[in-house]
Amino acid sequence: LRRLICFNASASAPVLSKKKPLVFLGSPQVAATVLDALLKSSSSPDSNFEVAAIITQPPSKRERGRKILPSHVAEHALERGFPSDLIFTPERAGEEMFLSNLRDLQPELCVTAAYGNILPTKFLKIPKLGTVNIHPSLLPLYRGAAPVQRALQDGVKETGVSLAFTVRALDAGPIIACERLKVDDQIKAPDLLELLFSQGSELLIRELPSIFDGSAQLKAQPQDDSKVTLAPKVTTEESWLSFDQDATLLHNKVRAFAGWPGTRAKIAIIDEANGEHEILDIKIITTRVSAHGNVPENEVDDITFTKGALVIPCGGSSALEVLEVQLPGKKVVNADAFRNGLRGRKLKKVCQSSQTANQL
């Protein structure tokens, strides 16, 4: 009970209403887009459902001050005037007191969008019409915690969002509908995630009538397990870039890991006047693949500048153009500002194999 106190989360008695109770589960900012769409749809005169409760992750430390704050979804719901006693924050979705509160609400349907907790069988048995999940990939591709990041890392030209029933196995339920989306080769993970959840919220609202009348259960297509790919959680250990890899691979990684954990590299700053050099650990923020490869053999370690970019020689005679960087404890700057700060000193790559980079 202690974990629910921050929202005074004892379930209110179910309100007598002709509208079908729907429970929403989500936590980060992108999930607030879906909640918004549901609240807006439920308030229309011809709506047959209401958002009866919201389930989200417990308050946690976030942002620069590391203050303990409610999840973005909880924050958004409270700003919209949603009753605080109907916002539940269990540590785990299998807690008995929480499940008891959920049963009291007698939900017809649960909808999840980036909730961040595994739903046990005891939970899945409660909503009469089941649980539906918005997943930002074209299932069965990229099942798992980081579908958008892994898709960008793989350099996909097309992705999408799927609306699927939730089963005990991870992201393995029958697919109700999906929407495809072309992927721009410069888009970063946070922006693509936002686009996909925006598209997913529209898809959900469009499909809700079929879910409520039961026809979605009949039309939902089982996933082809032979085509499954996995999208495991991203780790901080993966954030290092190794310039012995092809520039396209590195560019895709920068896009994929933007936001969190970011991508890092080690470079050497050399003062040719006195022979001094220091190793810098920098964050690589924005990149593009250079159209001019074929770096001369005697310059493979030299980092040069051209038209607002640091040009870093990479594997396979490719080159990566770095447009924005961030030094430890500093703000993000463009390549020209970074160059001005060097005061004539030269840059060189720090040689490290991709294996070493992953272990650092």
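Owing to the predicted nature of the structure, the values given are computational and were not obtained by experimental measurement.

Engineer: Help me understand the overall build of the protein, please; the structure alone is not making it clear to me.
Structural biologist: Within the protein one finds 10 helices and 16 strands. Within the span of the protein, comprising 360 residues, buried residues form 48% of the whole. Excluding contacts between residues fewer than 6 apart, the proportion of contacts in the protein whose partners are at least 24 apart in sequence is 68%. Carbon together with sulfur atoms contributes 52% to the accessible area of the protein, which is approximately 18100 Å² in total.

Engineer: Sorry if this is basic, but what is going on with helix H3 (residues 96-105) here?
Structural biologist: Turn by turn, an α-helix covers 3.6 residues, leaving residues three or four places apart pointing in a common direction. Among all positions in H3, only Phe-98, Leu-99, Asn-101, Leu-102 and Leu-105 are buried. Looking straight down H3, one finds its buried side chains confined to an arc of 160°; they lie on one side. Positive phi appears at Gln-106, one or two residues downstream of H3, with a value of about 50°.

Engineer: I'm lost on the environment of Ile-55 in this one. Help?
Structural biologist: Looking at the element boundaries, Ile-55 is found in strand E2 (residues 49-55). Among the residues examined, Ile-55 registers a relative accessible area of 0% and is labelled buried. In this structure, the C-alpha to C-alpha distance between Ile-55 and Ala-74, residues 19 residues apart in sequence, is 8.3 Å. In contact with Ile-55, other than residues within four places in its own chain, are Val-23, Phe-24, Leu-25, Gly-26, Phe-88, Pro-90, Phe-98, Leu-102, Tyr-115 and Phe-123.

Engineer: In this structure, what is going on with the side chain of Glu-108? I would like to understand it.
Structural biologist: Relative to the assigned elements, Glu-108 resides in the loop between H3 and strand E6 (109-113). Among residues more than four places away in sequence, those in contact with Glu-108 are Lys-20, Pro-21, Pro-127, Lys-128, Leu-129, Gly-130 and Phe-212.

Reading the values: rules and limits
Residues numbered from 1 in each chain as written. Predicted model: local features only at pLDDT ≥ 70, side-chain atom pairs only at ≥ 80, totals over all residues. Heavy atoms only, no water. Helix = DSSP H or I, 4+ residues; strand = E, 2+ residues; numbered from the N terminus. Buried < 20%, exposed > 50% of the residue type's maximum accessible area, 1.4 Å probe, protein only. Contact = heavy atoms within 4.5 Å. Areas by Shrake-Rupley, 256 points an atom, 1.4 Å probe, with all protein chains shown as cover. Arc of directions from axis to C-beta.

Keep in mind these values describe shape, not function.
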